Structure formats: structure tokens, C-alpha cells
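Spelled out, the chains give:
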Amino acid sequence: MSLDDPALCGIPAESIHALLLGDLEPADAAALQSHLESCPHCRAVHQDAAALDRVFDRLPRLDCPPRLRASLRSIPRRHPARGPFRLPRTVPARRLLGVLTGLAAAAALGGFLLHRAGHAPPAVTAPPPEPASLAKVEQAERQLRAALALLEAAGRESAQRATEKVLAEGVASPARRLRLALLGGNRRAERPGPAQTAPPGTRL
Amino acid sequence: MTTPERFDDVMDRLASRVYTLARYTLASADDAEDVTQEVFTRLWEHRATIDLDRVEGWLIRATSNACVDFRRRRAARRAHESAAADRSTSEPAPSARLESAELRDRVTRAIAALDEPFRSILVLREIEGSSYQEIADGLQLSMSQVKVYLHRARARLADHLAPLRDTAAISHPEGAVHVP
């Protein structure tokens, strides 16, 4: 007997399995039980269903092999947390990130200022750093801090949402502007000559 | 926060369930180990977003999906590995003595040949003994859907293996089943 040959009585095999599992409403179960007494086809299906239960009783739940279990235990060691998207949610870590960012920006700015001071001719008082360059550095630093805050917020919501776009536009671009701003200041410090032309639009 | 110790606890409790589901779904011990490894690695990598108090449902879902992906990848390589796959699918369930090894192998292969979600529901209910609610939560189905799929899966399996009632190996169920 096959599912492709529906019984003439119209009772689907699934109903007989439902009866065997006790998943029918009492009234339906009673009606089907009564039907079995007079339908050889459905009786055969019922016998197959009962035989299937005996087969299932013999299919064991399997134990995870010891070698596999040992390998699973080593997963945390083999996959340590890394990357900006895995920032812990603890407050000290966020503060640490802010402090480190500020220190890095301050160190970069300090290096830039020292470099300019070191290259000034001894007979001429070193001019103060151009407001434009300092403004660019500070602006780039602010943008970088804002981008890192957005990235952290995205990571809090879902690490998966911190996409490459956020990385490219939110972090790499401000970081690039900061670098350019610092390099631009260094190049101007290396040029000979007393005065330097301020960029157009700069307020002196 | 999920520590390695908490991860170990989850793994100790549920690794066998994951392995059993994968084993009967893929009918291969090696493939089941790969899937089990993949599922628990994914659990560790996404531990910050998973509620470990309700991890059973996540593991059922992840294992079922991983098995589907694994079968797709295996099908793509089938031309080169058909001989090996034949050997692996004929592996008997380990550490179990049954009256008829041939019947056991037939049933294991027949289960693996079912479509999803019939296959996962059948293994979870009939072999792992999961409740309807656990299966519904794990596969994100309603309880009535789980029951309907289970009845249908059993009917398909019985039809594939028919006529079971005439098989001598199961008509006298005195044979012991040894589970390590």
C-alpha cells in the first residue's frame, strides 16, 4: 500500500499515525478506532505505524564522541574575541577607548607642534601654528571620535550591522583626514622661508 | 556575559543532542562532527546576542540550517565524492546492537532522505524525545504545525519502508539495544 494509492475509504495515513500518537480529539479518535475494525487497508497502515514505533525504539540517541567533545571545549581558546565590533558592554572599556583616542590625538598633535618648533630658524621666533592646521586637526579628531562612538553604538545593537560602509565612511575617512591634516602641517614646517602664505579664507 | 565556563556547561548538556540530530540528518558520522563543530563555533561567536537560558531552540535551528547548507555543499561535490558518500551513508549507528543491522541502516538512510522540516521533526521527536513545544520553539513553528508535519513524516517514512509489519526483525522486539 502506498501514499500514491489513497484508500477507498478516504482516510489519510497521517490520521492513523495521529491516532497512534494520541494527537486526535477524543471524538475523532473514537470514530477512527471504530473505522479500523471494518477497513483492512487502514488496519494495515496502523500495523505499519506501530512497527515504525518499534523501529524508533531501537534507534539510539547518540553520545557526542569524546574527541569531538574535546575539540568543542577548545573553541573559546581558538576563537578569542577581537575587532572593534566585539567591544564589551562594560563602561570601563568604553571610557578606556575614549581616553586612548584622546591620548592618540594629543600625542599626534604634540608631535606635530614639537616638529614645527624644532625646525624653526634660531634667529627667528617660530610663528605660532597656523590656526587653519590646528583647526583641521581638531576637526578630524572630533570626526574620528564621533565615528568611533557610532561604531560602538552599532556594535551594541548588532555586531552584524557594523558594515563595511560604516568602516569606510565612518572611521577610515576621518582617520585619513586627520593624517592629511598632520602631514600638511609637517610639510609646511619643512619649507624654507620666513613667512608662509595662509590658505585662502583663513582668518588671521 | 558568556564565559568559557558557561559555554562548557551548555556544550556538556547539549552537544549530544546536536550531534544526534546532525548524525541522523546527514547519515554520516564525519559530516555530523563537522556540523556539530560549526554550530558550537557559531554559538561562541554570537554569544553576546544569544540568550543561553533558551539556547536549546537556537541550537535546534542552527543545527537544522547547518545540515541543509552542508547537504547543499556536499551535493555540489557529489561527482568527486560519490564513492566516499556511499560508504559514509552505509555506516551503522555506532555502539548499538540491533536484531537487524540492515533494517537499521535502511531506516537511517530513509530518514536522511526526507525533506525538511519533516526530517528534523522526526529525529527530534522520535529519537531525541523532544516535546512538541521544544520542537515548535526550536524550529519556530506552531505546535499544530509540528504535529501535522510529524504525522506526515511518519506516514512518508512508513510508506518508504513498507511493509514494515512483515519484517521479522521488528515483529519480535526482544533484541536488546545497547547505548553506551
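Residues numbered from 1 in each chain as written. Chains lettered and ligands numbered in written order. Predicted model: local features only at pLDDT ≥ 70, side-chain atom pairs only at ≥ 80, totals over all residues. Heavy atoms only, no water.

The helix and strand inventory of chain A stands at eight helices and zero strands. Along chain A, helices and strands appear, N-terminal first, in the series α-α-α-α-α-α-α-α. Across the 204 residues in chain A, those meeting the buried criterion constitute 29%. In chain A, once contacts between residues fewer than 6 apart in sequence are set aside, the share between residues at least 24 apart is 68%. Counting only carbon and sulfur atoms, one obtains 59% of the accessible surface of chain A, whose full area is about 12900 Å². (Helix = DSSP H or I, 4+ residues; strand = E, 2+ residues; numbered from the N terminus. Buried < 20%, exposed > 50% of the residue type's maximum accessible area, 1.4 Å probe, protein only. Contact = heavy atoms within 4.5 Å. Areas by Shrake-Rupley, 256 points an atom, 1.4 Å probe, with all protein chains shown as cover.)

Our focus in this paragraph is the pattern of salt bridges. Tallied over the entire structure, the rule returns 15 salt bridges over all chains. A salt bridge links Arg74 of chain B to Asp31 of chain B, with the shortest nitrogen-to-oxygen separation between them at 2.5 Å. Taken together, the residues Arg74 of chain B in helix H3 (residues 55-76) and Asp31 of chain B in helix H2 (residues 29-45) connect sequence positions 43 residues apart. For the pair shown, Arg74 of chain B and Asp31 of chain B are each scored as buried. Through salt bridges with shared partners, a single network forms among Asp53 of chain A together with Glu126 and Arg154 of chain B. (Salt bridge = Lys/Arg side-chain N within 4 Å of Asp/Glu carboxyl O.)

What follows covers the environment of Leu68 of chain A. Residue position: Leu68 of chain A is located in helix H4 (residues 66-73). Setting aside its immediate chain neighbours within four residues, Leu68 of chain A contacts Tyr19, Glu33, Thr36 and Gln37 of chain B.

This part covers the packing of helix H5 (residues 101-113) of chain B against helix H8 (residues 143-161) of chain B. All names here are of chain B. At a minimum axis separation of 10 Å, H5 and H8 run at an interaxial angle of 135°. In terms of orientation, H5 lies oblique with respect to H8. In this structure, the crossing between H5 and H8 has a hand that is right-handed. Residue-level inspection shows Arg106, Val107, Ala110 and Ile111 of H5 in contact with H8, the latter providing Leu157, His160 and Leu161. (Axes fitted to C-alpha atoms, helices over the stretch in contact; angles between N-to-C directions. Parallel < 35°, antiparallel > 145°, perpendicular 65-115°, else oblique. Left-handed = near helix turned anticlockwise from the far one by under 90°.)

Take the packing of aromatic side chains next. Residue and element names in this part refer to chain B. In this structure the tally under the stated criterion is three aromatic pairs over all chains. For the ring pair Phe7 and Phe40, a centre distance of 6.3 Å and an interplane angle of 85° mean the geometry is edge-to-face. Taken as a pair, Phe7 in helix H1 (residues 4-26) and Phe40 in helix H2 lie far apart in primary sequence, 33 residues in all. Exposure class is identical for Phe7 and Phe40. Each is buried. Measuring from centroid to centroid gives 5.4 Å for Phe7 and Trp44, while their planes differ by 70°, and the two rings are edge-to-face. (Phe/Tyr/Trp six-rings, centres within 6.5 Å; stacked < 30°, edge-to-face > 60°.)

So, about the nonpolar core. Core analysis: the biggest nonpolar cluster contains 58 residues, and Phe40, Leu43, Leu59, Ile111 and Leu157 of chain B have the highest contact counts within it. By size, the runner-up hydrophobic cluster in this structure holds ten residues, among which are Leu32, Cys39 and Val45 of chain A together with Ala155 of chain B. (Core = buried A, V, L, I, M, F, W, Y, C linked by side-chain atoms within 4.5 Å.)

All names here are of chain B. Contact pair helix H7 (residues 132-139) / H8: the axes reach a minimum separation of 9 Å and the direction vectors enclose 100°. In terms of orientation, H7 lies roughly perpendicular with respect to H8. Residue-level contacts link Tyr132, Gln133, Ile135 and Ala136 of H7 to Met143, Val146, Lys147, Leu150 and His151 of H8. Classifying every residue of the contact of H7 with H8 gives six nonpolar, two polar and one charged. (Nonpolar A, V, L, I, M, F, W, Y, C, P; charged D, E, K, R; others polar.)

Moving on, we get to the side chain of Ser64 of chain B. Among the secondary structure elements, Ser64 of chain B is positioned in helix H3. Those residues in contact with Ser64 of chain B, other than ones at most four positions away along the chain, are Glu116, Ser120 and Leu139 of chain B.

Quick look at the environment of Arg78 of chain A now. For Arg78 of chain A, the position within the fold is in helix H5 (residues 75-78). Excluding its chain neighbours within four sequence positions, the residues that come into contact with Arg78 of chain A are Ser71 of chain A together with Gln37 of chain B. In terms of polar contacts, Arg78 of chain A uses its side chain to reach the side chain of Ser74 of chain A, at 2.8 Å. (Polar contact = N/O pair within 3.5 Å; in protein donor to acceptor, adjacent residues only side chain to side chain.)

Here the focus is unusual backbone geometry. Note: most residues except glycine have negative phi, and most peptide bonds are trans. Residues and elements named next belong to chain B. In this structure, Pro117 follows Glu116 across a cis peptide bond, with omega equal to 0°. Mapped onto the elements, Pro117 comes out in the loop between H5 and helix H6 (118-127). The phi dihedral of Ala27 is positive, around 55°, even though this residue is not glycine. Along the chain, Ala27 falls in the loop between H1 and H2. Assessed through its relative accessible area of 3%, Ala27 is described here as buried. The phi dihedral of Gln140 is positive, around 55°, even though this residue is not glycine. Its relative accessible area of 59% is what places Gln140 among the exposed residues.

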